[in-house]
Amino acid sequence: MSPFKFAVINPLLHNELRLKIMVALASLESANFMYLCEITGSTRGNLSVQITTLKDAGYLEVSKSGSGPTARSVCRITRLGREALQIYEQGLQKMFAEGVPAQEEKKSRGVAS
């Protein structure tokens, strides 16, 4: 029997701010940049970087309107992003539900099976 290993969790979504962005957009049709900034408690610079990361991964679509000080960015989660978030959530639920198998627990305590 091979040694126990936890499921791999998507590191792109495991970042706190990126996870907040994804969860917010999963429950909303779309959200503008300033609203995301407000609800996540992020700075504009950090939010911009994390949105770009998620967009580059194909998890978000960003549309921009206007220019200069009146420019407005609106974000929307993509189907790929929604699927990635669901897989991430399922992986966490599985880890919490299953934990470490009893056989592995005994090994770690030095108990013979």
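A brief report on the enclosed structure follows. (Residues numbered from 1 in each chain as written. Predicted model: local features only at pLDDT ≥ 70, side-chain atom pairs only at ≥ 80, totals over all residues. Heavy atoms only, no water.)

Below, the discussion takes up the overall build of the chain. The helix and strand tally for the chain stands at 5 helices and 3 strands. In sequence order, the chain lays out its α and β elements as α-β-α-α-β-β-α-α. Taken across its 113 residues, the chain has 27% of its residues classed as buried. Counted over contacts in the chain with a minimum sequence separation of 6, partners at least 24 positions apart contribute 56%. Roughly 7800 Å² of accessible area belongs to the chain as shown, and the carbon and sulfur atoms make up 53% of that amount. (Helix = DSSP H or I, 4+ residues; strand = E, 2+ residues; numbered from the N terminus. Buried < 20%, exposed > 50% of the residue type's maximum accessible area, 1.4 Å probe, protein only. Contact = heavy atoms within 4.5 Å. Areas by Shrake-Rupley, 256 points an atom, 1.4 Å probe, with all protein chains shown as cover.)

At a minimum axis distance of 10 Å, the contact between helix α1 (residues 16-27) and helix α2 (residues 33-40) shows a crossing angle of 120 degrees. Here α1 is positioned oblique relative to α2, judged by the angle of their axes. Crossing angle aside, the handedness with which α1 passes α2 is right-handed. Where α1 approaches α2, its residues L17, K20, I21, A24 and L25 are matched on the opposing element by L36, I39 and T40. Considered class by class, the residues forming the contact of α1 with α2 number 6 nonpolar, 1 polar and 1 charged. (Axes fitted to C-alpha atoms, helices over the stretch in contact; angles between N-to-C directions. Parallel < 35°, antiparallel > 145°, perpendicular 65-115°, else oblique. Left-handed = near helix turned anticlockwise from the far one by under 90°. Nonpolar A, V, L, I, M, F, W, Y, C, P; charged D, E, K, R; others polar.)

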